[in-house]
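This is what each chain is made of:
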Amino acid sequence: MKTLISTVLLLCTLTVVCQSTKALIKNDDLCGFDDPIFTISDDEKAFDVEKYREQLKKGDNIIIQDNSVYKNIIYQWNHNNRITNKQTDRPTGIQKLIKYNKNGKILFSYFLYLKGNIKIGKETDYDTLGNISKVIDHEKGYTICWAQAIEIVKDELKEQLAQYDSVNYVLQRPDLNRTPDAPAIWSVGIAPIPDDNNLETIYHKIDGVTGKYLGKYTVRMVHDLDDDN
């Protein structure tokens, strides 16, 4: 009887876990690609150079908005005269960057996941009329988006993570545009966890097509020691 009960409990547990993972995989709303941070509005396709000309001349950062949730700054690189509109969604760690020429015409745009500094979503080039001329999908070959991968790891480790007030999730993955033969695998690093060695980050692998949890590996930082002899 005990064996039968244990088997039933195990099956129930496995069923709940599978259903939970399937729900995360199917929930495209997690990806947030309909959010304004992932869209380029018509107003953003041109920059009003005249309005900010004096500040740009001085090389000042133009702070449009800066609070605990959102930051938007604009600046100009002297070496190529390109103007950058950088918008950061602080809770998610997503950054939208729009580049303009010196006359304020849009050149290209892309999105970064800052904890790992990787491009996500679609990078877009524009012609001189502001029309889309090229699109690069940085999640080509992945059916599991960046946010789903994080949520799958959260679900896998929910008991361990429940003891911490906050956790940062670092992302890595092969860009299949550059390495088409690489496997589509998200690596979700968890840091910092207070009792972890601060020279180590544990990464959890998620199949970028099926959402299956594939295990973990540890990355250790190595510092060079100066030889004074």
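Here the structure is shown first, and the text comes after it.
Quick notes on the rules
Residues numbered from 1 in each chain as written. Predicted model: local features only at pLDDT ≥ 70, side-chain atom pairs only at ≥ 80, totals over all residues. Heavy atoms only, no water. Pairing = 2+ DSSP bridges. Helix = DSSP H or I, 4+ residues; strand = E, 2+ residues; numbered from the N terminus. Axes fitted to C-alpha atoms, helices over the stretch in contact; angles between N-to-C directions. Buried < 20%, exposed > 50% of the residue type's maximum accessible area, 1.4 Å probe, protein only. Contact = heavy atoms within 4.5 Å. Polar contact = N/O pair within 3.5 Å; in protein donor to acceptor, adjacent residues only side chain to side chain. Disulfide = S-S within 2.5 Å.

Colleague: Just to check I follow, could you spell out the sheet that holds strand β5 (residues 106–113) for this structure?
Modeller: Picture the strands of a sheet paired through backbone hydrogen bonds; they go either parallel or antiparallel. With antiparallel pairing, 7 strands are arranged side by side in an open sheet as β1-β2-β3-β4-β5-β6-β7. Strand pairing shows two members of the sheet lacking a second neighbour, β1 (62–66) and β7 (132–137), which therefore form its edges. With strand direction ignored, the average angle separating the axes of adjacent strands in the sheet is 10 degrees. In the sheet, β5 pairs with strand β6 (residues 118–126) via 5 bridges, with the strands oriented antiparallel. Paired with S109 across the bridge in β6 is T124.

Colleague: Could you clarify how one ought to interpret the environment of E123 in this entry?
Modeller: Note on placement: E123 falls in strand β6. You can call E123 buried: its relative accessible area is 10%. Taking the C-alpha atoms as reference points, E123 and D137, separated by 14 residues in sequence, lie 6.4 Å from one another. The residues touching E123, leaving out its near neighbours within four places in the chain, are F108, S109, Y110, K134, V135, I136 and H138. A polar contact is formed between the side chain of E123 and the side chain of K119, at a distance of 3.1 Å. Looking at E123, its side chain comes within polar contact range of the side chain of H138, at 2.7 Å.

Colleague: Sorry if this is basic, but what is going on with the state of the cysteines here?
Modeller: A disulfide bridge is the covalent bond that connects two cysteines by way of their sulfur atoms. Taken as a whole and assessed by the stated rule, the structure comprises 1 disulfide. Each disulfide pairs two cysteine sulfurs, and for C31 the partner residue is C145, the sulfurs being separated by 2.2 Å. Given an S-S torsion of about -100 degrees, the disulfide between C31 and C145 has left-handed geometry. A residue pair is termed long-range when its members are at least 10 positions apart, and C31 in the loop between α1 (2–26) and α2 (53–58) and C145 in the loop between β7 and α3 (146–156) qualify at 114 residues. With respect to class, C31 is no different from C145; both count as buried.

Colleague: Please clarify how the sheet that holds strand β10 (residues 200–207) should be interpreted in this entry.
Modeller: The sheet built from 4 strands is open, its strands ordered β8-β9-β10-β11 with antiparallel pairing. Only two strands of the sheet have a single partner each, and these edge strands are β8 (168–172) and β11 (213–220). Strand-to-strand twist in this sheet, taken as the mean axis angle between neighbours without regard to direction, amounts to 30 degrees. In terms of strand pairing, β10 meets β11 through 7 bridges, oriented antiparallel. Its bridge partner being in β11, H204 is matched across the sheet by K216.

Any link to function would need more than the numbers given here.
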